[in-house]
Amino acid sequence: SGNCYGLIKYGDNFISVDTERGIFEFNQDYKIVRQGELPSGIRAHGIDYSEKHEKFFVVGSYLDGVIILDKEFNILDQINISYKRERTGKPDHHCNDCLVVEDSLYVSMFSMTGNWKRDIFDGAILEYDIVTKELVGPVIQDLWMPHNIKFIEGSLHVLDSLPGQLKTNNAKVIGEFPAFTRGLAHDGVYY
């Protein structure tokens, strides 16, 4: 039990992040086979793994950034969404999930400009270059509390959570749901 916000398949097992427990791997019988610590107070919120780079990427919503870990859960580096947290000491973007495709890291957030606490929900998915750690730019904008991002059948998908919409194919709505929507998977036929 705990506050788990991110979960991915990893080989025959699963990897998850928890605000108290850190990062951990468990098998199909739900037995934890290993775990690692994450910095205190980051509120680990999303996770992805890059086969190409052999690294995990963990979003910290209180960090306004993404922590990069090796396969053994050792922290290697960090990508900051902006300079704001360094200056204010507080999170401003509310980052939620991440997705790695080749050398690109996509991060969903409540506010691209860091103004959601000022009632400006300019939600977006931003792209960062994994190699340089530099911002490439916004990929999808005008979202309202976006969360899960997936790359399915050659297209970025995102859950625009507050309106309860599943968007893809150039951010077009392909599904609407009657509540705040989180958690996205696709089995080849169904979402």
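Every value quoted in this text rests on a predicted model; they were computed, and no experiment measured them.

Examining the packing of aromatic side chains
Step number 1: Counted under the stated rule, the structure contains ten aromatic pairs.
Step number 2: Here Phe26 and Tyr30 contribute two aromatic rings whose centre-to-centre distance is 6.2 Å and whose plane-to-plane angle is 25 degrees, an arrangement assigned as stacked.
Step number 3: In this structure an aromatic cluster arises from ring pairing among Tyr10, Tyr49, Phe56 and Phe73.
Step number 4: One Lys or Arg, Arg21, reaches over the ring of Phe24 and ends 5.7 Å from the middle of that ring.

Thoughts on the side chain of Ser111
Step number 1: Relative to the assigned elements, Ser111 resides in the loop between β10 (104-109) and β11 (123-129).
Step number 2: A polar contact of 2.5 Å, which involves the side chain of Ser111, links it to the side chain of Asp122.
Step number 3: In this structure, Ser111 is in contact with Asp92, His93, Trp116, Ile120, Asp122 and Gly123, ignoring residues within four places of it in sequence.

Things to note about the pattern of salt bridges
Step number 1: Under the criterion given, the structure shown has five salt bridges.
Step number 2: Ionic pairing is found between Lys52 and Glu102, a salt bridge with its closest N-O pair at 3.7 Å. Note that Lys52 is positioned in the loop between β5 (44-50) and β6 (55-60) and Glu102 in the loop between β9 (95-101) and β10, a separation of 50 residues in sequence.
Step number 3: With its nearest N and O atoms 3.0 Å apart, the salt bridge here joins Asp103 to Lys52. You can see Asp103 sitting in the loop between β9 and β10 and its partner Lys52 sitting in the loop between β5 and β6, a full 51 residues away along the chain.
Step number 4: Look at Asp103 and you get partly exposed, because its relative accessible area is 27%.

The rules behind the values
- Residues numbered from 1 in each chain as written.
- Predicted model: local features only at pLDDT ≥ 70, side-chain atom pairs only at ≥ 80, totals over all residues.
- Heavy atoms only, no water.
- Phe/Tyr/Trp six-rings, centres within 6.5 Å; stacked < 30°, edge-to-face > 60°.
- Lys NZ or Arg CZ within 6 Å of the ring centre and 35° of its normal.
- Helix = DSSP H or I, 4+ residues; strand = E, 2+ residues; numbered from the N terminus.
- Polar contact = N/O pair within 3.5 Å; in protein donor to acceptor, adjacent residues only side chain to side chain.
- Contact = heavy atoms within 4.5 Å.
- Salt bridge = Lys/Arg side-chain N within 4 Å of Asp/Glu carboxyl O.
- Buried < 20%, exposed > 50% of the residue type's maximum accessible area, 1.4 Å probe, protein only.

Taken by themselves, the reported measurements are silent on function.
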